[in-house]
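# Analysis of the macromolecular model
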Amino acid sequence: MSLALLVFTLLAIALVIAGLNWLIRHSLRAPRIPEQGSPAQRGLAYQTVSIPAVRNKQLFGWYIPAPDNARAPAVAVLHGWGSNAEMMLPVAAPLNQAGYAVLLFDARCHGRSDDDNFASLPRFAEDLDCALAWLVQQPGVDAANIAVLGHSVGAGAVLLAASRRKDIAAVISVAAFSHPASMMRRFLAARHVPYMPLGWYVMRYVQRIIGHRFDAIAPRHTITQIRCPVLLVHGSDDTIIPVSEAREIHAQRRSDAAQLLILPGEHDSSAELERHADKLLAFLNQATRTGV
């Protein structure tokens, strides 16, 4: 092979790989859906806030103080992939009405928060860390009693954050997948992408870009590192993430402080969360030891 042909061949391969990498990042990009309403539509008094995040970004959020602005335990609420703070209002309302301060916020690349070069489960967890740093500074918050609640990718993120921290009082994980690889395989299969060689390449490329091995951030692993009480909530009819994955995570718990709650409904069944808010509140009230 001549030198010119070799150079041309290598250049062609490089262009194909670059094109494939661009296609992967474009196809996995989260849809951005800005909020259209506000907590006021549910009769909640709130403040629109801007939370400093990493890489000089700002996160959009709504802070709902406890009733009568009393010093109270708080819950930071994190949405799922392609969602936003507004979509979590059904669960925020009963929490606040029960006496909790509530912070809802958008992860980077979501809702009204700043954009970034990519979003990922670890970056959701980074944004949660920033939201918690902001929340503990609020005068109406009992900093020793802050819980976190996340949905889907947000659920994986709250489990990841809690596995690294000792200052979280309780975790509510709603519709978490047990392992990113299983979620990715379902995503690829739904688009008729064969695992070998394309699916295999996609998963390794994603791990390289996000800077984390899937095994290290998988909820079935992070649950083993969490010391505070955990409530794993999952819809019995979830077709996006099978309920068997919730049972898989629960099976890896380090103690009986991690509970499993199976509710009726699909993956995005916020109405069921609101309908069964008494169960979430019973868990939080015991975990925060405040008797709110």
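Structure: see above.
Predicted model only: the values in this text are computed from it and were never measured. (Residues numbered from 1 in each chain as written. Predicted model: local features only at pLDDT ≥ 70, side-chain atom pairs only at ≥ 80, totals over all residues. Heavy atoms only, no water.)

On to the sheet that holds strand 5 (residues 141-151), then. Strand order in this open sheet of eight strands is 1-2-4-3-5-6-7-8, and the pairing throughout is mixed. The two strands at the open ends of the sheet, each matched to only one other strand, are strand 1 (47-52) and strand 8 (258-263). Each neighbouring strand pair of the sheet contributes to a mean axis angle of 20°, computed without reference to strand direction. Sheet topology places strand 3 (residues 72-78) next to strand 5; six bridges connect them, and they run parallel. Note on strand 5: the bridge partner recorded for Val-77 is Leu-149. Its contacts with the sheet put helix 2 (residues 89-97) on strand 2 (58-64), strand 3, strand 4 (101-105) and strand 5, and the angle it makes with strand 4 is roughly 165°. (Pairing = 2+ DSSP bridges. Helix = DSSP H or I, 4+ residues; strand = E, 2+ residues; numbered from the N terminus. Axes fitted to C-alpha atoms, helices over the stretch in contact; angles between N-to-C directions. Contact = heavy atoms within 4.5 Å.)

What follows covers the pattern of salt bridges. All chains considered together, the criterion is met by 16 salt bridges. Across the pair Arg-71 and Asp-142 runs a salt bridge whose closest N-O atoms are separated by 3.7 Å. Here Arg-71, found in the loop between strand 2 and strand 3, pairs with Asp-142, found in strand 5; they are 71 residues apart in sequence, far enough to count as distant. The class for Arg-71 is exposed, based on a relative accessible area of 59%. With a shortest N-O distance of 3.5 Å, Asp-116 and Arg-123 are connected by a salt bridge. The class for Asp-116 is buried, based on a relative accessible area of 11%. Through salt bridges with shared partners, a single network forms among Arg-55, Arg-108, Asp-116, Arg-123, Glu-126 and Asp-127. (Salt bridge = Lys/Arg side-chain N within 4 Å of Asp/Glu carboxyl O. Buried < 20%, exposed > 50% of the residue type's maximum accessible area, 1.4 Å probe, protein only.)

Counting through the fold element by element, His-276 comes out in the loop between helix 10 (270-275) and helix 11 (277-288). Since its relative accessible area comes to 17%, His-276 is described here as buried. Taking the C-alpha atoms as reference points, His-276 and Arg-112, separated by 164 residues in sequence, lie 29 Å from one another. Those residues in contact with His-276 that sit more than four places away from it in its chain are Leu-263 and Pro-264.

To find leftover empty space, one rolls a probe the size of a water molecule over the atoms. Approximately 240 Å³ is the volume attributed to the second largest pocket. If you go around the second largest pocket, you meet twelve residues; those closest to its centre are Leu-23, Ser-27, Leu-188, Val-193 and Val-202. Looking at the lining of the second largest pocket, the elements that each hand over two or more residues are helix 1 (3-27), helix 5 (180-190) and helix 6 (195-210). With four residues, helix 1 is the single largest residue contributor to the lining of the second largest pocket. (1 Å grid on protein atoms, 1.4 Å probe; cavity = no way out; pocket = protein on both sides within 12 Å on 5 of 7 lines; lining within 4 Å. Points joined across faces, edges and corners; volume = space filled by probe spheres on them.)

Let us now look at the pairing of strand 7 (residues 230-235). In terms of residue burial, strand 7 counts as a mostly covered element, since six of its six residues are buried. As paired strands, strand 6 (residues 170-174) and strand 7 are joined by four bridges and run parallel to one another. In the strand pairing of strand 7, Ile-172 is matched with Leu-231.

Shape is all these values report; function is a separate question.
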